[in-house]
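Chain residues, written in single-letter form:
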Amino acid sequence: MTTTSTVTLADQRSVSKGAVHDVPPRRRRFKPGAGRQHHAGPFAYFALAVVGIGSLFPLYWTLVAASRTQDEILDSSPPLVPGGNLVHNLQAAWEQAHLGKAIVNTVIVSASITLATLFFCTLAGYAFAKMRFKGRGALMTAVIATLTIPPQLSVVPLFMMMADIGWGGQLESVIFPTLVSAFGVFFMRQYLIEALPYELIEAGRVDGANNLRIVWSIVLPVARPAMMVLGMLTFVQAWNDFFWPYLALNQENPTLQVALGQLSASYVPDQSIVMAGALISTLPLLVVFVIFGKQIVGGIMSGAVKG
């Protein structure tokens, strides 16, 4: 009996050892070298240099043209370095187009549209992403369908509506039609679907928070990166908008782009002064990007990682 039990135990151990060795090794989840930092080669630096130079050249040429005379710009061999007429051209553009009032109007319009778009689009995006209500899918489809309608089709009825209200030539006629955008609603919805877990919302409700408290304490901090990206895109679009402000406003109360259009409306416009006005309109955007550039890039990278 003792010998038989000993053999049996030895056989079981050998079988168990053989079974362990026969199990195929588990596949690695990550490839060798995953997570390592890759160093850019000469071609990558060359491509980045070409893209950077190509992106900055229009701004540099605007500076060169704004600091020269029209004869120098229209010469067969145009200059490639700035000249000494920059201050004179900037003063001429400022006085001829009344850019002081135009810049104030543009700041009011762009800031109002940006803040309103962030507020309404974030609330609507949160509702479509995390709240359950009847007709949610149909409403979201209708919002997306508005993106397929060309804005030129709504110009005539919108202009008539603003005239009936009494906002013809006023900044309200430019601000109120663009307080919310379908793209902003869709953008915030897509971001909050992935970035905002239901557990955070349920935890807030367990603590006794109402919907307003949840939006203020949970939704807005989570949506901040996407809001920075949407705010920058909305601000740039509102700042550079020309078509609707040109129709809705007049020469006595213009935005910056409408005022710049007046510089080139003469029979033979001075291109150096026009470029000086364009340089003035570009500088505020550069300042905004320098101030909020880190947050904007962080928001873009956050969305890329989540995707």
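Not measured: the values here are computed from a predicted model. (Residues numbered from 1 in each chain as written. Predicted model: local features only at pLDDT ≥ 70, side-chain atom pairs only at ≥ 80, totals over all residues. Heavy atoms only, no water.)

Draft legend 1. Inspection of the packing of aromatic side chains at higher detail. A complete count under the given rule lists six aromatic pairs for this structure. For the ring pair Phe119 and Phe120, a centre distance of 5.2 Å and an interplane angle of 75 degrees mean the geometry is edge-to-face. The side chain of Lys130 reaches across the aromatic face of Tyr198, ending 4.2 Å from its centre. (Phe/Tyr/Trp six-rings, centres within 6.5 Å; stacked < 30°, edge-to-face > 60°. Lys NZ or Arg CZ within 6 Å of the ring centre and 35° of its normal.)

Draft legend 2. Fine view of a nonpolar patch on the surface. On the surface, Ile144, Leu147, Phe183, Phe186 and Leu233 cluster together to form a nonpolar patch covering roughly 420 Å² of accessible area. Among the secondary structure elements, Leu233 is positioned in helix H11 (residues 211-240). (Patch = residues over 30% accessible without salt bridge, like charges linked within 9 Å, V, L, I, M, F, W, Y side chains within 5 Å. Areas by Shrake-Rupley, 256 points an atom, 1.4 Å probe, with all protein chains shown as cover. Salt bridge = Lys/Arg side-chain N within 4 Å of Asp/Glu carboxyl O. Helix = DSSP H or I, 4+ residues; strand = E, 2+ residues; numbered from the N terminus.)

Draft legend 3. Expanded view of empty space enclosed by the protein. According to the stated counting rule, one finds one cavity of 30 Å³ or more in the structure shown. For the largest cavity, the calculated volume is near 40 Å³. What lines the largest cavity is Phe159, Met162, Ala163, Trp167, Gly168, Gly169, Ser173 and Ala248. Here the lining of the largest cavity takes three residues from helix H7 (residues 155-165), the largest share from any one element. Among the residues making up the lining of the largest cavity, the classes are represented as five nonpolar, three polar and no charged. (1 Å grid on protein atoms, 1.4 Å probe; cavity = no way out; pocket = protein on both sides within 12 Å on 5 of 7 lines; lining within 4 Å. Points joined across faces, edges and corners; volume = space filled by probe spheres on them. Nonpolar A, V, L, I, M, F, W, Y, C, P; charged D, E, K, R; others polar.)

Draft legend 4. Main features of the packing of helix H5 (residues 99-130) against H11. At a closest axis distance of 8 Å, the pairing of H5 and H11 adopts a crossing angle of 140 degrees. Judged by the inter-axis angle, H5 sits oblique to H11. The two elements H5 and H11 cross, and the hand of that crossing is right-handed. Between H5, through Thr106, Val107, Ser110, Ala111, Ile113, Thr114, Thr117, Leu118, Cys121, Thr122, Leu123 and Tyr126, and H11, the contact on the second element is made entirely by Ile214, Val215, Val219, Leu220, Ala223, Met227, Leu230, Gly231, Thr234, Phe235, Ala238 and Trp239. Looking at the contact of H5 with H11 residue by residue, the class counts come to 17 nonpolar, seven polar and no charged. (Axes fitted to C-alpha atoms, helices over the stretch in contact; angles between N-to-C directions. Parallel < 35°, antiparallel > 145°, perpendicular 65-115°, else oblique. Left-handed = near helix turned anticlockwise from the far one by under 90°. Contact = heavy atoms within 4.5 Å.)

Draft legend 5. Summary view of the layout of surface pockets. One number sums up the size of the largest pocket: a volume of about 1,100 Å³. In this structure, the largest pocket is lined by 31 residues; those nearest its centre are Pro151, Pro177, Thr178, Val180 and Gln237. Among the secondary structure elements, those contributing two or more residues to the lining of the largest pocket are H5, H7, helix H9 (182-195), H11 and helix H12 (243-248). Sorting elements by how many residues they give to the lining of the largest pocket places H11 first, with six residues. When its volume is computed, the second largest pocket comes out at roughly 310 Å³. Lining of the second largest pocket is provided by 15 residues; of these, Thr114, Gly231, Phe235, Val288 and Phe292 occupy positions nearest its centre. Listed by contribution, the elements that provide at least two residues to the lining of the second largest pocket are H5, H11 and helix H14 (271-306). The element that contributes the greatest number of residues to the lining of the second largest pocket is H11, accounting for six residues.

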